[in-house]
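The lines below spell out each chain.
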Protein chains: 2
Amino acid sequence: MVTNKNELTEIFPKGEKGSSENFTGNAYNVGLIETDSLLTTAVGNVYFEPGARSNWHSHPAGQILIITDGIGYHQIEGQPIEIIKKGSVVKCPPNVRHWHGASADVGLQQLYIVPNTEKGIVNWQEAVTEEVYNSIK
Amino acid sequence: MVTNKNELTEIFPKGEKGSSENFTGNAYNVGLIETDSLLTTAVGNVYFEPGARSNWHSHPAGQILIITDGIGYHQIEGQPIEIIKKGSVVKCPPNVRHWHGASADVGLQQLYIVPNTEKGIVNWQEAVTEEVYNSIK
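- Chain A is annotated in an unreviewed UniProt entry as Cupin domain-containing protein from Flavobacterium agrisoli.

This is the structure:
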């Protein structure tokens, strides 16, 4: 069997392709639990193909990302781009702008946790430019 | 290479062996984020060896389990034991007694999410008897 470096382990269904209004490239999102008023938490998985990333956005109650496979980038506005990979766990505080996605060459499998959903889930903003995305190199 | 059915994919460090006061058999826990007052969420991973399981316990604000590999059991008190495996996601409501662990023959890799940690994390109770554990068969 030939193993491709871009062949990531899939734990969850691939889900639906994210809108080009909110993502650059191909990103697929699947919600993993029905968000409710008891647990007030949204959980899901996003698979980013190589080069794909979210727009800039913020979460009224913040976000936790858990990387289960692949290699990608996460940037909190005003901070350097950090490399995230299998086993990485990162937090973004409430109402802070960030973006995340795959590296140029390897995709990314990431779980997201949005706590305290009674405050809201996400506020989408502008796309991440090629200049910003490529500034990691 | 010989592949053993009990060889599960490890995404996170194995962590520390759970106390025999709270677990039957060998279970290893690693916290994945520093719980804080901003995100009010605890996240970690537990690896249960085959046959290992938690005691009965409850969470003041409930819990979400995400299974990343292996096969195990989850039981909410008064309900049948449900089989959980790679890709399963289950919720337990606040202050409801439950237990979870590996199947007898195959281990379990599971992420846990405890929301709204300002209400508390976990209340440990008695061990799951062999009779209850084996009642799945």
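Okay, back to it.
**Considerations on the relation of the copies chain A and chain B**
Now for step 1: Its rotation angle being 180 degrees, the transformation that places chain A on chain B also includes 0.0 Å of axial translation and leaves an RMSD of 0.0 Å. This pairing of chains is accounted for by a two-fold axis. Considering only C-alpha atoms, the part of chain A nearest the rotation axis is proline 115 of chain A, at 3.4 Å.
Now for step 2: Of the interface residues in chain A, 100% have counterparts in chain B that sit at the interface too, so the contact is made through matching surfaces.

**Considerations on the environment of serine 37 of chain B**
Now for step 1: Topologically, serine 37 of chain B is positioned in the loop between β3 (27-31) and β4 (42-48).
Now for step 2: Remark: the alpha-carbon pair of serine 37 of chain B and glutamate 118 of chain B, spanning 81 residues in sequence, is separated by 7.4 Å.

**Regarding the nonpolar core**
Now for step 1: Core analysis: the biggest nonpolar cluster contains 22 residues, and Val43 and Ile66 of chain A together with Val43 and Ile66 of chain B have the highest contact counts within it.
Now for step 2: Looking at this core, the elements with two or more residues in it are β7 (63-76) and β11 (108-114) of chain A together with β7 (63-76) and β11 (108-114) of chain B.
Now for step 3: The contacts of valine 43 of chain A, once residues within four sequence positions are left out, are Gly31, Leu32, Ile33, Tyr112 and Ile113 of chain A together with Ile64, Ile66 and Ile113 of chain B.

**Regarding the interface of chain A and chain B**
Now for step 1: Between chain A and chain B, the residue contacts involve 31 residues of the former and 31 residues of the latter.
Now for step 2: Across the chain A to chain B interface the summed buried area is about 2,300 Å²; carbon plus sulfur atoms make up 73%.
Now for step 3: Taken as a group, Ile11, Leu39 and Lys91 of chain A account for 25% of the area that chain A buries against chain B, more than any other trio of residues on that side.
Now for step 4: Summed over the shared surface of chain A and chain B, the number is two salt bridges.
Now for step 5: One salt bridge in this structure joins aspartate 36 of chain A and lysine 91 of chain B, with 2.6 Å as the shortest N-O distance.
Now for step 6: Inspection of the region where chain A meets chain B yields six residue pairs in polar contact (both at pLDDT 80 or more).
Now for step 7: Within the residue set of the side of chain A that touches chain B, elements represented by two or more residues are β7, β9 (89-92) and β11 of chain A.
Now for step 8: Tallying contributions element by element places β7 of chain A first for the side of chain A that touches chain B, with five residues.
Now for step 9: Here the side of chain A that touches chain B is composed, by residue class, of 18 nonpolar, eight polar and five charged.

**With respect to the UniProt feature "domain: Cupin type-2" (unreviewed entry) in chain A**
Now for step 1: Under the local residue numbering, the UniProt record ascribes the feature "domain: Cupin type-2" (unreviewed entry) to residues 46-104 of chain A.
Now for step 2: The span residues 46-104 of chain A shows a helical share of 0% and a strand share of 58%, and its end C-alpha atoms are spaced 16 Å apart.

**Describing the layout of surface pockets**
The method is simple in principle: a probe with the dimensions of a water molecule rolls over the atoms, and the space it marks as empty is what remains.
Now for step 1: The calculated volume of the largest pocket comes to roughly 330 Å³.
Now for step 2: Forming the walls of the largest pocket are 23 residues, and the residues nearest its centre are Phe23, Asn29, Tyr112, Val122 and Trp124 of chain B.
Now for step 3: Where the lining of the largest pocket is concerned, the elements lending two or more residues are β3, β4 and β11 of chain B.
Now for step 4: For the lining of the largest pocket, the element with the most residues is β4 of chain B, which contributes four residues.
Now for step 5: Residues of the lining of the largest pocket, tallied by class, amount to 11 nonpolar, 12 polar and no charged.
Now for step 6: Approximately 270 Å³ is the volume found for the second largest pocket.
Now for step 7: Looking at the second largest pocket, it is lined by 17 residues, and the ones nearest its centre are Phe23, Asn29, Val46, Tyr112 and Trp124 of chain A.

**Comments concerning the pairing of β4 of chain B**
Residue and element names in this part refer to chain B.
Now for step 1: Along β4, seven of the seven residues are buried, which leaves the element largely enclosed by surrounding structure.
Now for step 2: Burial of the side chains of β4 extends over both faces: Ala42, Gly44, Val46 and Phe48 are buried on one face and Val43, Asn45 and Tyr47 on the other.
Now for step 3: Relative to β4, β3 is paired through five bridges, and the arrangement is antiparallel. By the bridge assignment, glycine 31 is partnered in β4 with glycine 44.
Now for step 4: Where β4 meets β11, seven bridges bridge the pair, whose relative direction is antiparallel. Across the sheet, the residue bridging to asparagine 45 is leucine 111, located in β11.

**As for the confidence of the model for chain A**
Now for step 1: Counting all residues, the mean pLDDT for chain A is 95, and 95% of those residues have values of 70 or more.
Now for step 2: Quick note on the complex model: pTM equals 0.94, ipTM equals 0.93.

**Describing the packing of aromatic side chains**
Residue and element names in this part refer to chain A.
Now for step 1: One pass over the structure, following the stated rule, counts 10 aromatic pairs over all chains.
Now for step 2: With a centroid separation of 6.2 Å and 55 degrees between ring planes, the pair formed by phenylalanine 23 and phenylalanine 48 is classed as tilted. With a gap of 25 residues between them, phenylalanine 23 in strand β2 (residues 23-24) and phenylalanine 48 in strand β4 (residues 42-48) connect regions that are remote in the sequence.
Now for step 3: The exposure class assigned to phenylalanine 23 is buried, which follows from its relative accessible area of 13%.
Now for step 4: Ring geometry for tyrosine 73 against tyrosine 133: centres 5.4 Å apart, planes inclined by 55 degrees, an arrangement best described as tilted. Here tyrosine 133 lies in helix α1 (residues 130-133) and tyrosine 73 lies in strand β7, a separation of 60 residues in the sequence.

Cut-offs used in this document
Residues numbered from 1 in each chain as written. Chains lettered and ligands numbered in written order. Predicted model: local features only at pLDDT ≥ 70, side-chain atom pairs only at ≥ 80, totals over all residues. Heavy atoms only, no water. Least-squares fit on C-alpha atoms with pLDDT ≥ 70 in both. Contact = heavy atoms within 4.5 Å. Helix = DSSP H or I, 4+ residues; strand = E, 2+ residues; numbered from the N terminus. Core = buried A, V, L, I, M, F, W, Y, C linked by side-chain atoms within 4.5 Å. Buried < 20%, exposed > 50% of the residue type's maximum accessible area, 1.4 Å probe, protein only. Buried area = accessible area lost by both parts, 1.4 Å probe. Salt bridge = Lys/Arg side-chain N within 4 Å of Asp/Glu carboxyl O. Polar contact = N/O pair within 3.5 Å; in protein donor to acceptor, adjacent residues only side chain to side chain. Nonpolar A, V, L, I, M, F, W, Y, C, P; charged D, E, K, R; others polar. UniProt positions renumbered as here; feature names shortened; annotations may be inferred. 1 Å grid on protein atoms, 1.4 Å probe; cavity = no way out; pocket = protein on both sides within 12 Å on 5 of 7 lines; lining within 4 Å. Points joined across faces, edges and corners; volume = space filled by probe spheres on them. Pairing = 2+ DSSP bridges. pLDDT = per-residue confidence, 0-100. Phe/Tyr/Trp six-rings, centres within 6.5 Å; stacked < 30°, edge-to-face > 60°.

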